[in-house]
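# Survey of secondary and tertiary structure
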Amino acid sequence: MSKLHVGIDVSLRSHHVQFMDGRGQDLASFSVHNDQPGADTLIRKVLETTTVKHMDSVVIGMEATSNLGWHLAHYLQQQFDGYRPNLETDIHVLNARKVARFKKGYDTLPKNDRIDAWVIADHLRFGRLPQAMTDSVQFEALQRLTRTRFHLVQSITRDKTFFLNQLFLKFSGLRQDNPFSDSFGKTSLAVIQELEPEQIVQMPLQELIDFLTDRSNNRFENPEETAKELQKVARNSFRLDKVMKDPVNLSLSVTLSVIQHMESEVKKLDKAIAKLMKAIPNTLESVQGIGPVYAAGLLAEIGDIKRFNNHSALAKYAGLVWNQYQSGEYEADETSRMRTGNKYLRYYLIQAADKVRRYDSEYAAFYQKKHDEALKHKHKRALVLTARKLVRLVFTLLTTNQLYTPPERRG
């Protein structure tokens, strides 16, 4: 079978295209606009070339560069069947890192759009490609929501760190030894927003107890002890210069407002995700701890489970694999996780693993075992390894389409 290899270097306004045959011979090199007429031009040139050269199939490849090639890839997938149904067409969205490594095999290639398209076409010719695109718009629609949620959660985490850094300026002791279990809890935020360290020190103990009781809705078991601890922390804190007080308080107020707004937007996304998940039957939610949001995050990134031959392939796709360092009879005891893979899938696997271990005795025991074995970063290491264990379960549930049976109900 004679193939046409089409390498496309995508960009915002235009794409550079390289045609190459199976022997590596250049057939054409040109640019098209990043719009529908440009895509139609590309299709026409592909059909002309395959007809003249008597080619039976086309392999098209482009890098996963943001969303700049999304419309082109899906448009090509939809249109080729209508133009020439007997022309076998595969479209591959390639990992940019792998393409860059492939290019390193050539010593003297410059960096420009034409060369990049040529490298992609040559990479297609050598093979070892990811699975071709399939019609997965349903999963991609879900992906828009789960990835947006990921982005917001990361932003919230970053802004909370910034908020705590500002808090140290206003109330250093509260940043070091907060008597409240959650720095962003209702009572803790009330103290930060409404009181200054000097006020806390000078307040009568009973007045401070009444303040804490009111702001916490009377949820403290021993409000007097908490009030005394808070006064102790306030006495030991640095005093902020008067000139700095208003700017620091405004910085805290604005940052907190942004955090709270983003948290409310995450809740909106969670509702939309749950609504969309009702139309997607799955067995992942049969695992206690994996609700519709985490199930959506996993399904959106995995797509068709048939793309993966086994759970190891899925783990590699998620980046939950570890390097091996071995030479002769020596093999390192500690190895680092490979810094590759789908960060969104890895995030939702780790978050789901953290929830599952709280409900499932098997995963709780595994987490605790790995936690005890780790010499440092105990929680993080144990959680990542638990996520790797969860990959096996996710693969099995999606492959067999069977519900999960907890350890207590087996046998």
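The paragraphs below set out a description of the structure included in this document. Quick caveat, the model's predicted, so the values are computed rather than measured.

### Quick look at the side chain of D9
Note on placement: D9 falls in strand β1 (residues 3-9). No salt bridge is formed by the buried D9; its nearest oppositely charged neighbour, K111, is found at 5.7 Å.

### Structural notes on the packing of helix α5 (residues 137-170) against helix α12 (residues 292-302)
Contact geometry of α5 with α12 gives a least axis separation of 8 Å together with a crossing angle of 120°. With respect to their mutual orientation, α5 and α12 come out oblique. Viewed along their axes, α5 and α12 form a crossing whose handedness is left-handed. On α12, the residues that touch F139, L142, Q143, T146, R147 and R149 of α5 are V293, A296, G297, L299, A300 and E301. Residue composition of the contact of α5 with α12, by class: six nonpolar, three polar and three charged.

### Considerations on the sheet that holds β1
One open sheet accounts for five strands, arranged β3-β2-β1-β4-β5; its pairing is mixed. Of all the strands in the sheet, the pair left with one neighbour each is β3 (26-33) and β5 (88-94). Strand-to-strand, the axes of this sheet are offset by a mean angle of 20°, without reference to chain direction. In this sheet, strand β4 (residues 57-63) lies alongside β1 in parallel orientation, the contact comprising six bridges. Within β4, the residue paired with I8 across the bridge is M62. Each of β1, β2 (14-20), β3, β4 and β5 touches helix α4 (residues 113-126); the most contacted strand, β1, lies at about 140° to it.

### Notes on the pairing of β2
Burial analysis of β2 places six of its seven residues in the buried class, the great majority of the element. Note that β1 and β2 share five bridges and pair antiparallel. Its bridge partner lying in β2, G7 is registered against Q18. What sits between β1 and β2 in their antiparallel hairpin is a turn of four residues. Examined bridge by bridge, β2 and β3 share seven bridges and lie antiparallel to one another. Bridge pairing in β3 links H16 to S31.

### Comments concerning empty space enclosed by the protein
Here the structure, examined in full by the defined rule, presents one cavity of 30 Å³ or more. What lines the largest cavity is simply K170, E196, P197, E198, L240 and K245. Of the residues that constitute the lining of the largest cavity, the class distribution is two nonpolar, no polar and four charged.

### Examining the pattern of salt bridges
Evaluated as defined, the whole model comprises 20 salt bridges. Of the charged contacts, one joins R44 and E48 as a salt bridge, the two residues approaching to 3.3 Å between their closest N and O atoms. In this pair, R44 and E48 both sit in helix α1 (residues 36-52), four residues apart, roughly one turn of the helix. Judged by its relative accessible area of 43%, R44 falls in the partly exposed class. With a closest N to O distance of 2.8 Å, E373 and K369 form a salt bridge. Pair noted here: E373 and K369 are both in helix α15 (residues 361-373), with a separation of four residues, about one helical turn. Residue E373 is classed as partly exposed on the basis of its relative accessible area of 46%. Connected through salt bridges with shared partners, the residues K103, K111 and D116 form a single ionic network.

### A word on a nonpolar patch on the surface
Taken together, the side chains of F168, L169, F238 and M244 define a hydrophobic patch exposed on the protein surface, amounting to about 390 Å² of accessible area. Tracing the chain through its elements places F238 in the loop between α10 (223-236) and α11 (242-277). Taking the relative accessible area as the measure of exposure, F238 reaches 63% and is therefore exposed.

### Here's the deal with helix α14 (residues 343-359)
Under the 1.5 Å per step criterion, the end-to-end length of α14 is 25 Å for 17 residues, consistent within 8% with the ideal 24 Å. Burial runs high along α14: 12 of the 17 residues are buried. Taken together, the buried positions of α14 are occupied by Y344, L345, R346, Y347, Y348, L349, I350, A352, A353, D354, V356 and R357. Tucked inside the fold, the buried residues of α14 contact α5, α12, α13 (311-318), α15 and α16 (378-400). The N-cap residue of α14 is N342: its side-chain oxygen and the backbone nitrogen of Y344 are 2.9 Å apart.

Reading the values: rules and limits
- Residue indices follow the written sequence of each chain, beginning from 1 at its first position.
- Thresholds applied to this predicted model are a pLDDT of at least 70 for local features of residues and 80 or more for the giving and counting of side-chain atom pairs; totals over whole chains, interfaces and linings are not thresholded and use all residues.
- As a rule here, side-chain values cover all heavy atoms of the structure and leave hydrogens and water aside.
- Secondary structure is summarised from DSSP: a helix means a run of H or I of at least four residues, a strand means a run of E of at least two, and numbering begins at the N terminus for each.
- Relative accessibility under 20% of the residue-type maximum defines a buried residue, over 50% an exposed one, and the middle range a partly exposed one, all with a 1.4 Å probe and only protein chains included.
- The positive count covers Lys and Arg only, the negative count covers Asp and Glu only, and His and the chain ends enter neither.
- What counts as a salt bridge is simple: a side-chain nitrogen of Lys or Arg found within 4 Å of a carboxyl oxygen of Asp or Glu.
- Angles run from 0 to 180 degrees between N-to-C directions of axes, and those axes are lines fitted to C-alpha atoms, restricted for helices to the stretch in contact.
- Each angle gets one of four labels, with under 35 degrees taken as roughly parallel, over 145 as roughly antiparallel, 65 to 115 as roughly perpendicular, and the rest as oblique.
- By convention the crossing between two helices is left-handed if the near helix lies anticlockwise of the far one by an angle smaller than a right angle, and right-handed if it lies clockwise.
- Note on definitions: a residue-residue contact is assigned when non-hydrogen atoms from the two residues lie within 4.5 Å.
- By the convention adopted, Pro, Cys, Tyr, Trp, Phe, Met, Ile, Leu, Val and Ala count as nonpolar, Lys, Arg, Asp and Glu as charged, and the other residues, Gly among them, as polar.
- Strand pairing requires that DSSP identify at least two bridges connecting the strands.
- The definitions used throughout rest on a 1 Å grid laid over the protein atoms alone, on which a cavity is an enclosed set of points accommodating a 1.4 Å probe that cannot get out and a pocket is an open set flanked by protein within 12 Å on both sides along at least five of seven lines; lining residues are those having an atom within 4 Å of a point.
- Grid points are joined across faces, edges and corners, and a volume is the space filled by probe spheres set on the points.
- Patch membership is restricted to residues that have no salt bridge and whose relative accessible area is over 30%. Joining uses 9 Å for like charges and 5 Å for the nonpolar side chains Val, Leu, Ile, Met, Phe, Trp and Tyr.
- Each accessible area is a Shrake-Rupley result for a 1.4 Å probe, and residues are judged covered by the shown protein chains and nothing else.
- Helices are assigned an expected span. That span is 1.5 Å times one less than the residue count.
- Polar contacts, as used here, are pairs of N or O atoms within 3.5 Å; protein pairs need one atom able to donate a hydrogen and one able to accept it. Residues neighboring in sequence count only if both atoms are side-chain atoms.

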